[in-house]
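So the chains spell out like this:
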Amino acid sequence: DTGVSQDPRHKITKRGQNVTFRCDPISEHNRLYWYRQTLGQGPEFLTYFQNEAQLEKSRLLSDRFSAERPKGSFSTLEIQRTEQGDSAMYLCASSFSGSVYEQFFGPGTRLTVL
Amino acid sequence: KQEVTQIPAALSVPEGENLVLNCSFTDSAIYNLQWFRQDPGKGLTSLLLIQSSQREQTSGRLNASLDKSSGRSTLYIAASQPGDSATYLCAVRPEGYGNKLVFGAGTILRVKS
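This is a predicted model, so every value here is computed, not measured.

Trainee: How do you make sense of the environment of Phe21(A) when you look at a structure like this?
Mentor: Residues and elements named next belong to chain A. With respect to the helices and strands, phenylalanine 21 occurs in strand β3 (residues 19–24). Along the sequence, phenylalanine 21 and arginine 36 sit 15 residues apart, while their C-alpha atoms lie 12 Å from each other. Setting aside its immediate chain neighbours within four residues, phenylalanine 21 contacts Asp7, Pro8, Lys11, Trp34, Ser75, Thr76, Leu77, Ile79, Tyr90, Thr109 and Leu111.

Trainee: What am I meant to see in the pattern of salt bridges here?
Mentor: Two side chains that carry opposite charge are able to pair once their charged atoms sit near each other. Tallied over the entire structure, the rule returns 5 salt bridges over all chains. Arg61(B) is paired through a salt bridge with Asp84(B); the nearest N and O atoms lie 2.8 Å apart. Remark: Asp84(B) occurs in the loop between β8 (72–77) and β9 (86–94) and Arg61(B) occurs in the loop between β6 (56–59) and β7 (62–67); sequence separation between them is 23 residues. A single network of salt bridges, built from pairs that share partners, joins Arg64(A), Glu83(A) and Asp86(A).

Trainee: Is there a simple way to think about the sheet that holds strand β3 (residues 19–25) of chain B in this case?
Mentor: Each strand in a sheet pairs with its neighbour through backbone hydrogen bonds, running either in the same direction (parallel) or in the opposite one (antiparallel). Residue and element names in this part refer to chain B. Across the sheet, 5 strands lie side by side as β1-β3-β8-β7-β6; this open sheet has antiparallel pairing. Of all the strands in the sheet, the pair left with one neighbour each is β1 (4–7) and β6. When strand polarity is set aside, the average angle formed by the axes of neighbouring strands in this sheet is 15 degrees. In this sheet, β7 lies alongside β6 in antiparallel orientation, the contact comprising 4 bridges. Within β7, the residue paired with glutamate 56 across the bridge is serine 65.

Trainee: So what exactly am I meant to see when it comes to the interface of chain B and chain A here?
Mentor: When the parts come together, some accessible area is lost, and that loss is often what is quoted as the size of the interface. Facing 21 residues of chain B, the contacting portion of chain A comprises 21 residues. In total, chain B and chain A occlude about 1,600 Å² of area from one another, counting both sides; carbon and sulfur atoms represent 53% of this. Connecting chain B to chain A are 0 salt bridges. If you look at where chain B meets chain A, you find 5 residue pairs in polar contact (both at pLDDT 80 or more). Of all elements in the fold, only β4 (30–38), β5 (44–51) and β9 of chain B reach the threshold of two or more residues within the side of chain B that touches chain A. When grouped by side-chain class, the residues that make up the side of chain B that touches chain A number 8 nonpolar, 10 polar and 3 charged.

Trainee: Any chance you could explain the sheet that holds β3(A) here in plain terms?
Mentor: All names here are of chain A. A sheet is described by the order of its strands in space; here 4 strands give the open sequence β1-β3-β8-β7, paired in antiparallel fashion. Either end of the sheet is taken by a strand with one partner, and the two such strands are β1 (5–7) and β7 (65–68). Averaged over all pairs of adjacent strands, the angle between strand axes in this sheet comes to 15 degrees, irrespective of strand direction. Pairing between β1 and β3: 3 bridges, direction antiparallel. Paired with aspartate 7 across the strands is arginine 22, a residue of β3.

Trainee: Please explain the state of the cysteines as it appears in this structure.
Mentor: The bond known as a disulfide is covalent and runs between the sulfur atoms of two cysteines. Tallied over the full model, the rule gives 2 disulfides over all chains. Disulfide pairing places Cys23(A) opposite Cys92(A) at an S-S distance of 1.8 Å. Looking down the S-S bond of the Cys23(A) and Cys92(A) bridge, the torsion is -65 degrees, so its handedness is left-handed. Of this pair, Cys23(A) sits in strand β3 while Cys92(A) sits in strand β9 (residues 88–95), and the two are 69 residues apart along the sequence. Its relative accessible area of 0% is what places Cys23(A) among the buried residues. Here Cys92(A) falls in the buried class, since its relative accessible area comes to 0%. Each sulfur in the disulfide pair Cys23(B) and Cys90(B) lies 1.9 Å from the other. Handedness here is read from the sign of the S-S torsion; for Cys23(B) and Cys90(B), about -55 degrees, the answer is left-handed. Remark: Cys90(B) occurs in strand β9 and Cys23(B) occurs in strand β3; sequence separation between them is 67 residues. Under the relative-accessibility criterion, Cys23(B) is labelled buried at 2%.

Scoring rules and cut-offs
Residues numbered from 1 in each chain as written. Chains lettered and ligands numbered in written order. Predicted model: local features only at pLDDT ≥ 70, side-chain atom pairs only at ≥ 80, totals over all residues. Heavy atoms only, no water. Helix = DSSP H or I, 4+ residues; strand = E, 2+ residues; numbered from the N terminus. Contact = heavy atoms within 4.5 Å. Salt bridge = Lys/Arg side-chain N within 4 Å of Asp/Glu carboxyl O. Pairing = 2+ DSSP bridges. Axes fitted to C-alpha atoms, helices over the stretch in contact; angles between N-to-C directions. Buried area = accessible area lost by both parts, 1.4 Å probe. Polar contact = N/O pair within 3.5 Å; in protein donor to acceptor, adjacent residues only side chain to side chain. Nonpolar A, V, L, I, M, F, W, Y, C, P; charged D, E, K, R; others polar. Disulfide = S-S within 2.5 Å. Buried < 20%, exposed > 50% of the residue type's maximum accessible area, 1.4 Å probe, protein only.

Function cannot be inferred from these measures alone, as they are strictly geometric.
Following this line, the structure appears as structure tokens:
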């Protein structure tokens, strides 16, 4: 069990560019979550998947954000037309349904929008 | 709307001291509460999970308690070490809100050698 992995770990982009992040959950986990964390704050929920179905989306997830989990394994989070306010740490977590849904987090992707 | 508050925001203690971190939440309708540790620039490490029917959980030098009716949890760290220096985050999983976690802003702990 290698834990939750995320790629890339750091991304620097210019305002207006599109970026895509990847998350690989723990292999037997069927639930996958995305959170965003800004400096000095706790993570805020963005969206979650059960298998390939996206079951909940936060109001924080504007129409510039899209997330997919096409085969119920890895997930991608895309941000289009990035803005400086998108600069944050993007965290992915996974859990196994049928348990207490304990969430295990990856190392995060640090996004800086110039 | 569920809100989570952590006090103090920062804490500095000498090595070997026992300490308590506090977490409060506004709505007692929760499935569970998790305590996490976060090192600078890193992801979150799950420390303890307390289900709503439980009163406490222990792991090594860590003990977490839950008083669901009053909306409070404490994380007790015994015999603190410099390696315990990190940000400690508390999160609740509210009933009726799917599976998201609602986090506090964290307590930054520094243990001085």
